[in-house]
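This is what each chain is made of:
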Amino acid sequence: MVDIASSHSIFSFMDGSSDYNQIKMDPKDERFTAFRTPIGFFCYKVTPFSLKNAGATYQSAMTVIFDEMIHEQVECYVDDLVVKSKICGDHLRDLRIIFKRLRKFDLKMNPLKCAFGVSAGKFLGFIVRYRGIEIDPSMIKAIVDLKPLKSLTQLRSFQGKLTFLRRFISNLFGKCHPFSSLVKKDARFHWDESCQEAFESIKRYLMNPPVLSAHIPGRPLILYTTALNESLGALLAQENEEGKENALYYLNQSDLSSQPIVVLDDPSDPFRLSSTMRAVKGQALADFLADHTIPADSLLNDDPPDELILSVDEQESPTWEFYFDGASSVKTLSPNETPTVRVGLGQIFVSLEGHALRYSYSLSEPHTNNEAEYEALVLGLELAIQMSLTRVKIFVDSQLIINQVAGVYKVLKLELIPYYNKAMELLCLIPEVTLAKVPKFENGKAYVLAKLAKELADPAGNPMSIVSSGSVPHRLIFSQPNPYSVCC
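What you see is a predicted model, and the numbers here were worked out from it, not measured in a lab.

A few words now on the overall build of the protein. Counting its regular elements, the protein contains 12 helices and 21 strands. Counting only residues that meet the buried cut, the protein has 37% of its 488 residues in that class. With the model as given, the accessible surface of the protein reaches about 29400 Å², and the carbon-plus-sulfur share is 55%.

Have a look at this one:
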């Protein structure tokens, strides 16, 4: 928001009057704000400051009021408004539009806190102007006037101020490294000479702080990176109209021991980000290099330590979820006709990202419900093999099938033995399969597909055959209700 507000020629800064009290309470909710006094009971008719969602409600109201104007003519954060114009001649027109919108929604501004037609002003703790963003001088004065710290509480407060200004400070974590021993658990607070020197160096840096330029849309960004023993630093820069590089943002990171370096080995990757140190060009880069000086006794090593490398290898194959069901019914069209058995199969494959592949089939030959369930399982396994899936988790709502496949039940019915043998043969062609028992209602989508296929069967009864081939090592895991391991 601060970045968007900068790079404009003229500004008008306004502050809302009475803040949250300008938002009226819903009459039916007024009783929830009731409070008691010696002279009676009262309630609020406007939003009180004590409500937890008062700030969010006010911000939502401002977003609704200004709507399409936000990021174009105005920036608003709760009750702080900035009307901005790139051309000075357009500012009166922009102000007129904003005031009409304020008048329409009966919002009032505090005239004592407003400044109109200025080239710079304070917004959200920073100074915004045409040439960029600066640190508020009052905040710099508050840090420079600090005396040597005497407690951990004071150090925490000091670090909080620096964190707010971190985008302006090059190598912030390197400058604050002497303080790291003071904030460790159970460490005694001892302010030594190294801490005092770091304290004074930060003060000297803030006496002449950098001005961060505003981003120019459409121009390429330049990223400079550097790594020291205790910190990582980066400078985001951009060339202006004159061809000079201006700093946009300073980035810092500490504790490199817990931050792996990702090495991409494929130079042809179009998304690969590389940074090349060119000739020192511009004061911003010169200051950045000066703040990240490498000690003279440091050894030059082209290869990073092995423990800081995270090689990007081929990722493990994702696990697909497979739901299936079969439906069989006997239907008689008239008393004199022979009953017709209709069979439908439904399968659903769900990827790791949540994408679903749905299949529905109708069988031309009569089958029982158990046979239809096996048909759905066999057909689904053939589809999984054709899609080259290596990890599949199968969800079954049939207690009979899941226990027969896991070896808990024996296959006693002769008509089910061919289906069982075919299913076990196909399971051996998938490297890893997990079976899980689910309630009937959790498998409802597959059942609906099977029922639709059964009811909307093709009268011609055109068959479909799926052929699969190949063999790979197999591992089958049965997860519910008891785990078993079956190897083929």
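Let us keep going from here.
As a further point, take the sheet that holds strand β7 (residues 120-123). Strands sit in the order β7-β8-β9 across an open sheet of three strands; the sheet is antiparallel. Only two strands of the sheet have a single partner each, and these edge strands are β7 and β9 (132-135). Between one strand axis and the next, the sheet turns by 30° as a mean value, whatever way the strands run. Where β7 lies against strand β8 (residues 126-129), four bridges are found, and the strand directions are antiparallel. Residue pairing for β8: Ala120 is matched across the bridge by Arg129.

The strand order β4-β5-β1-β6 describes an open sheet built from four strands, whose pairing is antiparallel. In this open sheet, the two strands that pair with only one neighbour each are β4 (74-77) and β6 (115-118). Here the average twist between neighbouring strands, direction ignored, is 15°. Alignment of strand β1 (residues 10-15) against β6, held across two bridges, turns out to be antiparallel. Along β6, the bridge assignment pairs Phe11 with Val118. Sheet contacts for helix α2 (residues 54-66): β4 and β5 (80-85); angle to β4, the most-contacted strand, approximately 165°.

Our focus in this paragraph is the environment of Cys114. Inspection of the secondary structure puts Cys114 in the loop between α3 (91-104) and β6. Taking the C-alpha atoms as reference points, Cys114 and Val82, 32 residues apart in sequence, are found 9.8 Å from one another. Ignoring any residue separated from it by four or fewer positions in sequence, one finds Cys114 in contact with Phe13, Met14, Asp15 and Met109.

Moving on, we get to the confidence of the model for the protein. Per-chain confidence: the protein averages 76 in pLDDT, with 77% of residues scoring 70 or above. The least confident element of the protein, judged by mean pLDDT, is strand β21 (residues 484-486) at 33; the most confident is helix α11 (residues 417-427) at 91. Throughout residues 256-281 the model reports pLDDT below 50, and contacts reaching past four residues in sequence, or to other chains, amount to 42 contacts. Segment residues 304-313 is flagged for pLDDT under 50; beyond a separation of four residues in sequence, or across chains, it makes 14 contacts in the model.

Running from N to C, helix α9 (residues 369-386) and α11 cross one another at 20°; their axes reach a closest spacing of 10 Å. Considered as vectors, α9 and α11 are oriented roughly parallel to each other. Like other packed secondary-structure pairs, α9 and α11 cross with a definite hand, here left-handed. Packed against α9, whose contacting residues are Glu371, Tyr374, Glu375, Leu377, Val378, Leu381, Glu382 and Ile385, the element α11 presents Tyr419, Tyr420, Lys422, Ala423, Leu426 and Leu427 at the interface. Looking at the contact of α9 with α11 residue by residue, the class counts come to 10 nonpolar, no polar and four charged.

A separate point is the packing of aromatic side chains. Tallied over the entire structure, the rule returns 17 aromatic pairs. Measuring from centroid to centroid gives 4.9 Å for Phe126 and Phe164, while their planes differ by 10°, and the two rings are stacked. Taken together, the residues Phe126 in strand β8 and Phe164 in helix α5 (residues 152-164) connect sequence positions 38 residues apart. Classification of Phe126 as buried rests on a relative accessible area of 8%. Residues Phe349 and Tyr359 carry aromatic rings whose centres are separated by 6.2 Å and whose planes lie at 85° to one another, so their mutual orientation is edge-to-face. Placement of Phe349 in strand β16 (residues 340-350) and of Tyr359 in strand β17 (residues 356-363) is noted, with a sequence separation of 10 residues between them.

Of the two faces of strand β10 (residues 221-227), only one is covered, namely that formed by Ile222, Tyr224 and Thr226; the face formed by Leu221, Leu223, Thr225 and Ala227 stays uncovered. Relative to strand β11 (residues 231-239), β10 is paired through seven bridges, and the arrangement is antiparallel. Paired with Tyr224 across the bridge in β11 is Leu235.

Here we come to unusual backbone geometry. We note that Asp67 has phi near 45°; this positive angle belongs to a residue other than glycine. Structurally, Asp67 is set in the loop between α2 and β4.

Moving on, we get to the pattern of salt bridges. Enumeration over the complete set of coordinates arrives at 10 salt bridges. We note a salt bridge from Arg93 to Asp90, for which the minimum N-O separation is 3.9 Å. Here Arg93 falls in the partly exposed class, since its relative accessible area comes to 42%. Put simply, Asp325 and Lys440 hold a salt bridge, and the shortest N to O gap is 3.2 Å. With Asp325 in strand β15 (residues 320-331) and Lys440 in the loop between β19 (432-437) and α12 (444-455), this residue pair connects regions lying 115 residues apart in the sequence.

What counts, and where the lines are drawn
Residues numbered from 1 in each chain as written. Predicted model: local features only at pLDDT ≥ 70, side-chain atom pairs only at ≥ 80, totals over all residues. Heavy atoms only, no water. Helix = DSSP H or I, 4+ residues; strand = E, 2+ residues; numbered from the N terminus. Buried < 20%, exposed > 50% of the residue type's maximum accessible area, 1.4 Å probe, protein only. Areas by Shrake-Rupley, 256 points an atom, 1.4 Å probe, with all protein chains shown as cover. Pairing = 2+ DSSP bridges. Axes fitted to C-alpha atoms, helices over the stretch in contact; angles between N-to-C directions. Contact = heavy atoms within 4.5 Å. pLDDT = per-residue confidence, 0-100. Parallel < 35°, antiparallel > 145°, perpendicular 65-115°, else oblique. Left-handed = near helix turned anticlockwise from the far one by under 90°. Nonpolar A, V, L, I, M, F, W, Y, C, P; charged D, E, K, R; others polar. Phe/Tyr/Trp six-rings, centres within 6.5 Å; stacked < 30°, edge-to-face > 60°. Salt bridge = Lys/Arg side-chain N within 4 Å of Asp/Glu carboxyl O.

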